[in-house]
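# Descriptive structure summary
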Amino acid sequence: MSTQIITEVFRLNSASIRMSLILVCTSFLMFGQVSESLERKLNKAAPDCYDIGYNAQKIVPEFYEAKEFDSIISVLDYWEKNCGELDAVKYGNILLDIKYEEFVEAKYPDLLQLLVGYRETVEYTSGNYFYYDRRSQEIINAQNAYHAFLKSFAGDLLAVQNHPGIEKDILDFFAGNFDSLTAGLDKGQYEGSSLQKAYNNLINELIYDKGMMMGLYAGSWSPTGNLSTVGTHPEIGFVYGGYKDHYGIDFIAGVRFVDSPNDYRIRKDDSTYVSNHFTSVTVGLQGYYSLLKGFKNELALAAGLGYDGITIQSSDEDSGAESVSVGTLNINLGLQYRLYYDLKNYLAFDVRYHYLNFKNNINGELAGHAITGRLVYGFTSSHARQRKLRALGY
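Quick caveat: nothing in here was measured; it's all calculated off a predicted structure.

## Details of the overall build of the chain
Along its length, the chain carries 10 helices and 10 strands. Counting every position in the chain, which comprises 394 residues, the buried fraction comes to 39%. Looking at the chain alone, contacts between residues at least 24 apart form 63% of all its contacts between residues at least 6 apart. Counting every atom, the chain has about 22300 Å² of accessible surface; 57% of that belongs to carbon and sulfur.

## Re the packing of aromatic side chains
Under the defined criterion, the tally for this structure stands at 23 aromatic pairs. On the basis of an interplanar angle of 65 degrees and a centroid distance of 4.9 Å, the ring pair of Phe-173 and Phe-178 is categorised as edge-to-face. Residue class for Phe-178 comes out buried when judged on its relative accessible area of 12%. A ring pair is formed by Tyr-247 and Tyr-289, whose centres lie 5.2 Å apart and whose planes are at 55 degrees; its orientation type is tilted. In this pair, Tyr-247 is assigned in strand β3 (residues 247-256) and Tyr-289 in strand β6 (residues 279-293), connecting sequence segments 42 residues apart. When the ring centre of Tyr-346 is taken as reference, the NZ or CZ atom of Arg-338 above it lies at 4.4 Å.

## Quick notes on the state of the cysteines
Enumeration over the complete set of coordinates arrives at 1 disulfide. Each disulfide pairs two cysteine sulfurs, and for Cys-49 the partner residue is Cys-83, the sulfurs being separated by 2.4 Å. Here the disulfide of Cys-49 and Cys-83 is left-handed, its torsion about the S-S bond being about -110 degrees. Here Cys-49, found in helix α2 (residues 49-65), pairs with Cys-83, found in helix α3 (residues 69-83); they are 34 residues apart in sequence, far enough to count as distant.

## Digging into the nonpolar core
Among the nonpolar cores identified, the biggest contains 53 residues, and Trp-79, Ile-94 and Phe-174 are the most heavily contacted of them. Setting aside anything within four residues of it in sequence, one finds Ile-94 in contact with Phe-103, Tyr-108, Leu-111, Leu-114, Ile-170 and Phe-174.

## Examining the pairing of β6
In this structure, β3 lies alongside β6, joined through 10 bridges in antiparallel fashion. Along β6, the bridge assignment pairs Phe-251 with Leu-285. Direction of pairing for β6 relative to strand β7 (residues 297-313): antiparallel, over a ladder of 14 bridges. Along β7, the bridge assignment pairs Val-283 with Tyr-307. Counting the residues in the hairpin turn of β6 and β7 gives 3 residues.

## Focus: the pattern of salt bridges
Side chains that differ in sign of charge can pair as their charged atoms come close. Scanning the model with the defined rule gives 12 salt bridges in all. For the salt bridge of Glu-120 with Arg-387, the shortest nitrogen-to-oxygen distance reads 3.5 Å. With Glu-120 in helix α5 (residues 111-125) and Arg-387 in helix α10 (residues 383-391), this pair connects stretches of sequence that are 267 residues apart. Glu-120 gets classed as partly exposed once you look at its relative accessible area, which sits at 23%. Look at Arg-387 and you get partly exposed, because its relative accessible area is 45%. In this structure, Arg-265 and Glu-365 form a salt bridge, with 2.3 Å as the shortest nitrogen-oxygen distance. Here Arg-265 is found in strand β4 (residues 264-268), whereas its partner Glu-365 is found in the loop between β9 (346-355) and β10 (370-380), with 100 residues between them in sequence. Where salt bridges share partners, they join Glu-235, Arg-256, Asp-308 and Arg-374 into one cluster.

## Some points on the environment of Asn-357
Mapped onto the elements of the fold, Asn-357 is located in the loop between β9 and β10. Classification of Asn-357 as partly exposed rests on a relative accessible area of 44%. The spatial distance from the C-alpha of Asn-357 to the C-alpha of Gly-368 is 6.8 Å, given a sequence separation of 11 residues. Those residues in contact with Asn-357 that lie beyond four places of it in its chain are Gly-327, Thr-328 and Leu-329.

## Section: the packing of helix α6 (residues 134-160) against helix α7 (residues 165-174)
One can describe the packing of α6 onto α7 by two numbers: an axis separation of 7 Å at closest approach and a directional angle of 145 degrees. Both α6 and α7 take part in a crossing whose hand is left-handed. Within the contact between the two elements, α6 uses Leu-150, Lys-151, Ala-154, Leu-157 and Leu-158 and α7 uses Lys-168, Leu-171, Asp-172 and Phe-174. Taken together, the residues of the contact of α6 with α7 break down into 6 nonpolar, no polar and 3 charged.

## Observations concerning the packing of helix α4 (residues 87-99) against α6
Orientation of α4 relative to α6, taken along the N-to-C sense of each, is 15 degrees, at an axis distance of 11 Å. For the element pair α4 / α6, the angle class is roughly parallel. Every pair of crossing elements has a handedness; the one defined by α4 and α6 is left-handed. For the pair formed by α4 and α6, the contact residues are Ala-88, Val-89, Tyr-91, Gly-92, Leu-95, Leu-96 and Lys-99 on the first element and Tyr-146, Leu-150, Phe-153, Ala-154 and Leu-157 on the second. For the contact of α4 with α6, the residue count by class is 10 nonpolar, 1 polar and 1 charged.

What counts, and where the lines are drawn
- Residues numbered from 1 in each chain as written.
- Predicted model: local features only at pLDDT ≥ 70, side-chain atom pairs only at ≥ 80, totals over all residues.
- Heavy atoms only, no water.
- Helix = DSSP H or I, 4+ residues; strand = E, 2+ residues; numbered from the N terminus.
- Buried < 20%, exposed > 50% of the residue type's maximum accessible area, 1.4 Å probe, protein only.
- Contact = heavy atoms within 4.5 Å.
- Areas by Shrake-Rupley, 256 points an atom, 1.4 Å probe, with all protein chains shown as cover.
- Phe/Tyr/Trp six-rings, centres within 6.5 Å; stacked < 30°, edge-to-face > 60°.
- Lys NZ or Arg CZ within 6 Å of the ring centre and 35° of its normal.
- Disulfide = S-S within 2.5 Å.
- Core = buried A, V, L, I, M, F, W, Y, C linked by side-chain atoms within 4.5 Å.
- Pairing = 2+ DSSP bridges.
- Salt bridge = Lys/Arg side-chain N within 4 Å of Asp/Glu carboxyl O.
- Axes fitted to C-alpha atoms, helices over the stretch in contact; angles between N-to-C directions.
- Left-handed = near helix turned anticlockwise from the far one by under 90°.
- Nonpolar A, V, L, I, M, F, W, Y, C, P; charged D, E, K, R; others polar.
- Parallel < 35°, antiparallel > 145°, perpendicular 65-115°, else oblique.

Laid out in structure tokens, this is it:
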């Protein structure tokens, strides 16, 4: 009896051991499969949009030469699926939509920006481009090939199909005649279209943009009343500030020089100083409000507040002479006309009447005001404005 029990126990234990071994082996096998699957996922190469874009721009022109439009559509769809809604993809889709008579403006709410960007890109890549390396050269060559495809495609569509006005001009634009569409937009030929509305809004934004400015000026300072005894003097200086919409504000600093044609007097600390020596400084803030403003011309009302000083005697360490000056609050009002000669930088003529009150404590001998006329050579930070305006045909 005991022998039978021992035999049965051994048989059961052997079965358990075999089952355990099977489970362990299965577990290791499944873990190995999971690890292998996870490893494949972790090491799976992600799409490289530079490579996809480079290859797409090379092969689309080849498919176009073979008139394989289904293949072109497939390439553009793959490019967009893996890299997002790129402008280059939209360029091709616009022409395809026109070809298959499926073009609607609502599908491209950023149509104007696309067209402006296309012109900028074409003019940039077709220019004297400096290649940093072979890869850069290959990418630019691929872009140029794609642009050539778009130009040929648009030209062929113009030759074989009749199109509504706006579609015809879009095709003309992609065919290389950039000014046809922009001239039509400038004349308001597409009134009621989304493209015309976007153009009008963009023009308004570009006219009343914002940025920084700096300018150098030279001119004359001509006093009135008793102050005229010190004579008219040349002045030079600089301005630095910013602008937004109709408004602008800047800091001004300048000097006036050349001795006075007449002696004049200043009293300080119970002493009276008589000389024809003359130097003057001006510092302050000035603001502008644009009465009329366009891309090339601007007329602004100008007002300023600052300090003016006249020095009759400069300090001299050798003689021990101290500087003797008299100062006043300067409130001024006038007009400034600007000519933007390259859509960004400008030449300006500024004329002001300055309300002054120099107190030399000698019977008002320096009582009077002044008139200034200044020629300003200014620079602005509107590089984006200049670039966009040129892309719009200005």
